[in-house]
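A structural walkthrough
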Amino acid sequence: MHVDLNADMGESFGTWPMGSDAALLEVITSANVACGFHAGDPDVMAQTMGLAVTKGVGIGAHPGFPDLQGFGRRRMHLSHDNLQNLVRYQLGAAQAMARSVGGEVRHLKLHGALANMASEDVAMATACYEGALSVDPNIIIMVLAATQQQDAVEALGCRWAGEIFADRAYNDDATLVDRSLPGAVIHDADVAGQRMVDMVKAGAIITESGKHISAAVDTICLHGDGATAVQIARTVRSALADAGVTLQRFAGRQGAISKA
């Protein structure tokens, strides 16, 4: 068994620091770097990507809604043409910054409300991913496993990787429990570690009700902006290693899998 560990980072802005990027880059194998719309700025992008290159961590673009004040977590309603250009613009910026520090963007993952909405709307997901693929046909699209994001990439026939979350609770349709609800975010590192071992071994998302949803468990998201983020990341990595799971970058897959 093997799995990738990813984290969202590069979320500081100007003089306002956010997250524990340097510490997380010692733990993860893939980094999703904010592209300046929901968080981050050019200097932060360059610094974060440069450090990822030195650590041998894969670089991904992490586009979101143009919502710095709301950190990209407020829902916006844009046309499909707007969505495509929104993703193209941010991916292009990420590619430029990565190349400037000797790296490359190998994957793309939608952020926040943009990701949540795309997990519920296959047409919206398709528009976002078509925007990315028009810039780089070989990019690996990281999707919320077993959601309409996955339906979109399977229909497009592009390279993709399925993601599950270490610190988020799941609904029975494989979407994430809304952050405003109790128990939506998991803060106990030991609980997060055991959940990930169970899900990787099962090849499934385990929901709050105990339902098992077969899923492509290619990568695990470890958030970097919480008080216990680094502790959770280290505990998850340790728990997986103790369970015999090898940590490595995802290669990307093509084709459909059953979500029964």
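Notes on the structure follow. (Residues numbered from 1 in each chain as written. Predicted model: local features only at pLDDT ≥ 70, side-chain atom pairs only at ≥ 80, totals over all residues. Heavy atoms only, no water.)

Some remarks on the pattern of salt bridges
Scanning the model with the defined rule gives six salt bridges in all. K109 is the salt-bridge partner of D8, the closest N and O atoms lying 2.9 Å from each other. In this pair, D8 is assigned in strand β1 (residues 2–9) and K109 in strand β4 (residues 105–109), connecting sequence segments 101 residues apart. A residue is classified by how much of its surface remains accessible, and D8, at 5% relative accessible area, is buried. Salt-bridge contacts for R253 lead to D218; the nearest nitrogen and oxygen are separated by 2.6 Å. (Salt bridge = Lys/Arg side-chain N within 4 Å of Asp/Glu carboxyl O. Helix = DSSP H or I, 4+ residues; strand = E, 2+ residues; numbered from the N terminus. Buried < 20%, exposed > 50% of the residue type's maximum accessible area, 1.4 Å probe, protein only.)

Overview of a nonpolar patch on the surface
Where nonpolar side chains cluster on the molecular surface, the patch consists of F13, W16 and L68 and spans about 350 Å² of accessible area. Its place among the elements puts L68 in the loop between β3 (58–62) and α3 (80–100). Residue L68 is classed as partly exposed on the basis of its relative accessible area of 42%. (Patch = residues over 30% accessible without salt bridge, like charges linked within 9 Å, V, L, I, M, F, W, Y side chains within 5 Å. Areas by Shrake-Rupley, 256 points an atom, 1.4 Å probe, with all protein chains shown as cover.)

Thoughts on the pairing of β3
Of all five residues in β3, five are buried, a share of seventy percent or more. Burial along β3 is two-sided: the residues G58, G60 and H62 and I59 and A61 are all buried. The pairing of strand β2 (residues 30–34) with β3 spans five bridges and is parallel. By the bridge assignment, V33 is partnered in β3 with A61. A crossover connection joins β2 to the parallel β3 through helix α2 (residues 42–55); in handedness this β-α-β unit is right-handed. Across three bridges, the pairing between β3 and β4 is parallel. Its bridge partner lying in β4, G60 is registered against H107. A crossover links β3 with its parallel partner β4, the connecting element being α3, and its sense is right-handed. (Pairing = 2+ DSSP bridges. Right-handed = clockwise from strand over helix to strand, strands pointing away.)

Looking at unusual backbone geometry
With a phi angle near 55 degrees, F71 is a residue other than glycine that sits in the positive phi range. The exposure class of F71 is buried, given its relative accessible area of 12%. Positive phi outside glycine occurs at A146, with the angle close to 70 degrees.

Re the pairing of β1
Burial runs high along β1: seven of the eight residues are buried. Direction of pairing for β1 relative to strand β10 (residues 246–247): parallel, over a ladder of two bridges. Looking across to β10, one finds that V3 is bridged to L247. Inspection of the sheet shows β1 paired to strand β9 (residues 219–221) by three bridges, in the parallel sense. Within β9, the residue paired with D4 across the bridge is T219. Relative to β2, β1 is paired through four bridges, and the arrangement is parallel. Looking across to β2, one finds that D8 is bridged to N32.

Fair warning: the whole summary comes from geometry, so function is off the table for now.
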